[in-house]
2 protein chains.
Amino acid sequence: MDYSRLSVSERRFLPPAVAVSSVAFALRPPVGALIGVVGADGVSFGRGERRASVDRLDRDRDASEAALWLPLVRRTRPPFEGDWALPGGPIPWDETLVDTALRTLRAAVRRDPGYLEQLYSFGAIERSAEAQRLVTIAYWALYGESQLDPDAGPERDEVDPNVAWFSADRLPSLAFDHTEIVAYALGRLRSKTEYSAVAHRFLGESFTLAQLREVREAILGEQVDPANFRRQALAQGTLVETGATQTGTRHRPARLYRFRHGAETSRISGPAVVPATAPSQNRRKTS
Amino acid sequence: MDYSRLSVSERRFLPPAVAVSSVAFALRPPVGALIGVVGADGVSFGRGERRASVDRLDRDRDASEAALWLPLVRRTRPPFEGDWALPGGPIPWDETLVDTALRTLRAAVRRDPGYLEQLYSFGAIERSAEAQRLVTIAYWALYGESQLDPDAGPERDEVDPNVAWFSADRLPSLAFDHTEIVAYALGRLRSKTEYSAVAHRFLGESFTLAQLREVREAILGEQVDPANFRRQALAQGTLVETGATQTGTRHRPARLYRFRHGAETSRISGPAVVPATAPSQNRRKTS
DNA sequence: GCAAAAGTGTTACAGGTACACCCATGC
DNA sequence: GCATGGGTGTACCTGTAACACTTTTGC
């Protein structure tokens, strides 16, 4: 069963192989990570700087600057050798889909994500022209401050030159149909922040309502009224006041909140979690 | 690459195989099709009768009777030989995921579905204990009156004894984790009727608003106010009056509507169709 | 005429948006 | 004090639920 013995033309007719690829979003690259900048003459690189905290977000960027980042891996073998691709890999016979996603993300980012959910399965036949047919099961993930915290990651290790973080709206050309997958994941992230509570997963354990609102604004790309956001967020019943307040600001200190434990079971969203019958409309009285 | 030469223990360690399975809903079994009834001592069978039209729905059933039906296929080989399973099969190297779903559905139902959309990918490692690891990409489909019309299907052929239609809430025990897949598909169908227009796909080319409302009630399992439903349905702008009216009723004839052409591109929903940024809330004025 | 369902009108209520306004802190 | 953002109050608007009411057919 050694596929490598086969010629290209033989591999062409094999049953499809299954792989997992993940789109992992974060509001900033991890400290010390390689940062890819797409220019006119290819990709140049920098290093992720240390930042004080998330509340510097709004001051660090103007409206045009990117707010979402994601890690890519440079391919070291055909097809698409040398191109950037989403973290991922083939599924071993004894590993769950989720476990494959987590393992490959861990290999690229050196950390576990704060959230993981299946996105879609892509299986167009023209995916790779000469090689074996490939079916890709895409996942999307979030890395929050808790996960990106320098203390959490083993930052002392030397940096893998084949892993870099890119701004989500300035990506290089990607291997396979990964560009399409990223676009779909972005849409899902935006749509999910509309009706579900995911924004807090970008933040640390405790946060102010202004920070939560800024995350939402960054994802949706539009301004949100602070007063109304406050009421709506608190009305959900998923936030708990910690009692502590923010310090070091040059204005009235904001209260710190945390997400209610148990309001969400796990960091991994499975198929059982249907978008919820939620509001539903126009039900007739049970007369 | 002949898998059948391998022993069971060898197959156990192969890379996962990919298959497609589909949950296909209809409001009634096709005329002449085999109908499976789950009793205390196994499954007994009947035959689908000819019915006048969909507007008999409400009179044919009381509240407790099932409203949704789906086709199952009896497995003729291990694993789970003899058990009922969702229509589907492995993915050939040169076929799209959607095409595999359509082909296997066509083989079981003898018709093309009126709607098809990817559901979820299931890949738990304990799926089949002794055989090769299996990753299942699940689809869900709808068969409407237009598709179930006896003139549309080749009903003169002898009936396949290994295909039968079952009431969605009285299913036999299914092969693999197909019970879980059906439950998930049901949830998706309900959730999708809440925010999207899918109910009309159960009906023919033209239909009354009462029929559309009855489909919605059948799916959601609750009464809907006719007056408000009328206004909301028409306000969507997706319905067009045909000019014709219903005849043969013993009350005021209802106007017939059809779905606006172009309001939806295709019967196949791909990944590009994101649930839409839709309502979105609390956007601040661009001051 | 009577029954039954189609179709219209109208009111009450809930939730969201916009925005005025007060509060607490740093400088 | 003044600037700045945190936090509260409130009027307005929109969409929905509820239900009374009129219309049009079959019998």
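Residues numbered from 1 in each chain as written. Chains lettered and ligands numbered in written order. Predicted model: local features only at pLDDT ≥ 70, side-chain atom pairs only at ≥ 80, totals over all residues. Heavy atoms only, no water.

J.: Can you break down the overall build of chain A residue by residue, with the values?
T.: From N to C terminus, chain A includes 7 helices and 13 strands. In chain A, buried positions account for 48% of the 287 residues. Working note: accessible area of chain A is about 14,300 Å², and carbon and sulfur atoms make up 49% of it. (Helix = DSSP H or I, 4+ residues; strand = E, 2+ residues; numbered from the N terminus. Buried < 20%, exposed > 50% of the residue type's maximum accessible area, 1.4 Å probe, protein only. Areas by Shrake-Rupley, 256 points an atom, 1.4 Å probe, with all protein chains shown as cover.)

J.: Account for the pairing of strand S9 (residues 163-167) of chain A, naming residues and giving values.
T.: Residues in a regular strand project their side chains so that they alternate between the two faces of the sheet. Residues and elements named next belong to chain A. Most of S9 is tucked away, with 5 of its 5 residues classed as buried. Alternating positions in S9 separate into two faces, Val163, Trp165 and Ser167 on one and Ala164 and Phe166 on the other, with burial throughout. Relative to S9, strand S4 (residues 69-74) runs antiparallel, the two being bridged by 5 bridges. Its bridge partner lying in S9, Leu70 is registered against Phe166. (Pairing = 2+ DSSP bridges.)

J.: Just give me the short version of the sheet that holds strand S10 (residues 206-207) of chain B, but keep the residues and values in it.
T.: Residues and elements named next belong to chain B. Spatial ordering of the open sheet is given by S10-S12-S11, a layout of 3 strands whose pairing is antiparallel. Only two strands of the sheet have a single neighbouring strand rather than two, namely S10 and strand S11 (239-245). Bridge analysis of S11 against strand S12 (residues 255-259) gives 4 bridges, and the strand direction is antiparallel. In the sheet register, Leu239 faces S12, and the bridge partner there is Phe259.

J.: Can you break down the sheet that holds strand S12 (residues 255-259) of chain A residue by residue, with the values?
T.: Residues and elements named next belong to chain A. Spatially, the 3 strands line up as an open sheet ordered S10-S12-S11, and their pairing is antiparallel. If you trace the sheet from one side to the other, it starts and ends with strand S10 (206-207) and strand S11 (239-245), each paired once. The pairing of S10 with S12 spans 2 bridges and is classified as antiparallel. What sits directly across from Ser206, in S12, is Arg258.

J.: With reference to specific residues and values, describe the packing of aromatic side chains.
T.: Within the structure shown, the criterion is met by 16 aromatic pairs over all chains. Relative to Tyr184 of chain A, the ring of Tyr120 of chain A has its centre 5.5 Å away and its plane inclined at 80°; by these criteria the two rings are edge-to-face. Highlighted residues: Tyr120 of chain A in strand S7 (residues 115-122) and Tyr184 of chain A in helix H5 (residues 178-195), separated in sequence by 64 residues. Per residue, the accessibility class of Tyr120 of chain A equals that of Tyr184 of chain A, and both read buried. Aromatic pair Trp84 of chain B and Phe166 of chain B: ring centres 5.1 Å apart, planes at 65°, arrangement edge-to-face. One end of the pair, Trp84 of chain B, is in strand S5 (residues 84-85); the other, Phe166 of chain B, is in strand S9 (residues 163-167), with 82 residues separating them in the sequence. Of the two residues, Trp84 of chain B and Phe166 of chain B, both sit in the buried class. Put simply, the rings of Phe45, Trp84 and Phe166 of chain A touch in pairs and so form one group of aromatic residues. (Phe/Tyr/Trp six-rings, centres within 6.5 Å; stacked < 30°, edge-to-face > 60°.)

J.: Which residues make up the environment of Arg252 of chain A, and what are the values?
T.: All names here are of chain A. Relative to the elements of secondary structure, Arg252 occurs in the loop between S11 and S12. Exposure remark for Arg252: the relative accessible area of 69% places this residue in the exposed category. In this structure the C-alpha to C-alpha distance between Arg252 and Gly39, which are 213 residues apart in sequence, comes to 42 Å.

J.: Go over the packing of helix H5 (residues 178-195) of chain B against helix H6 (residues 209-220) of chain B with me, naming the residues and quoting the values.
T.: Residue and element names in this part refer to chain B. In the contact formed by H5 and H6, the axes pass within 9 Å of each other and the chain directions differ by 140°. Taken together, the axes of H5 and H6 lie oblique to each other. Here the hand of the crossing between H5 and H6 comes out left-handed. Every residue of H6 that contacts H5 at Leu189, Arg190, Thr193 and Glu194 is listed here: Arg216, Ile219 and Leu220. (Axes fitted to C-alpha atoms, helices over the stretch in contact; angles between N-to-C directions. Parallel < 35°, antiparallel > 145°, perpendicular 65-115°, else oblique. Left-handed = near helix turned anticlockwise from the far one by under 90°. Contact = heavy atoms within 4.5 Å.)

J.: Describe the nonpolar core, listing the residues and the values that go with them.
T.: One finds Leu116, Tyr139 and Tyr143 of chain A together with Leu116, Tyr139 and Tyr143 of chain B to be the most contacted residues of the largest nonpolar core, which totals 48 residues. Of all the secondary-structure elements, those providing two or more residues to this core are strand S1 (17-26), helix H3 (97-109), strand S8 (134-143) and S9 of chain A together with strand S1 (17-26), helix H3 (97-109), strand S8 (134-143) and S9 of chain B. Setting aside residues no more than four positions away along its own chain, Tyr139 of chain A makes contact with Val20, Ser21, Ser22, Val23, Leu97, Val98, Ala101, Leu116, Glu117, Gln118 and Leu119 of chain A. Grouped together as the second largest cluster of nonpolar side chains are 45 residues, Leu34, Phe122, Val198 and Leu212 of chain B included. (Core = buried A, V, L, I, M, F, W, Y, C linked by side-chain atoms within 4.5 Å.)

J.: Explain the side chain of Thr100 of chain A to me, and be specific about the residues and the numbers.
T.: Residue and element names in this part refer to chain A. With respect to the helices and strands, Thr100 occurs in helix H3. The exposure class assigned to Thr100 is buried, which follows from its relative accessible area of 0%. Once you skip the residues sitting within four places of it in the chain, Thr100 turns out to touch Val20, Gly89, Pro90, Ile91, Pro92 and Glu95.

J.: Mind laying out the environment of Ala199 of chain B, listing which residues take part and the relevant values?
T.: All names here are of chain B. Tracing the sequence through the fold places Ala199 in the loop between H5 and S10. Exposure remark for Ala199: the relative accessible area of 13% places this residue in the buried category. For the pair Ala199 and Leu142, spaced 57 residues apart in the sequence, the C-alpha separation amounts to 9.5 Å. Apart from the residues within four sequence positions on either side, Ala199 is in contact with Leu212 and Val215.

J.: Please set out unusual backbone geometry residue by residue, giving values where relevant.
T.: Residue and element names in this part refer to chain A. Pro78 connects to Pro79 through a cis peptide bond whose omega is -5°. Relative to the assigned elements, Pro79 resides in the loop between S4 and strand S5 (84-85). For Phe80, which is not glycine, the phi torsion reads 65° and is therefore positive. Residue placement: Phe80 occurs in the loop between S4 and S5. A relative accessible area of 32% means that Phe80 is categorised as partly exposed. Even without a glycine there, the phi angle at Arg110 is positive, about 65°. Residue position: Arg110 is located in the loop between H3 and S7.

J.: Please set out the pattern of salt bridges residue by residue, giving values where relevant.
T.: Residues and elements named next belong to chain A. This model, assessed by the stated rule, comprises 13 salt bridges over all chains. A salt bridge links Glu217 to Arg213, with the shortest nitrogen-to-oxygen separation between them at 3.3 Å. Of this pair, Glu217 and Arg213 both sit in helix H6 (residues 209-220), 4 residues apart, roughly one helical turn. Judged by relative accessible area, which is 14%, Arg213 ranks as buried. (Salt bridge = Lys/Arg side-chain N within 4 Å of Asp/Glu carboxyl O.)

Function-wise, these values are silent; they only describe arrangement.
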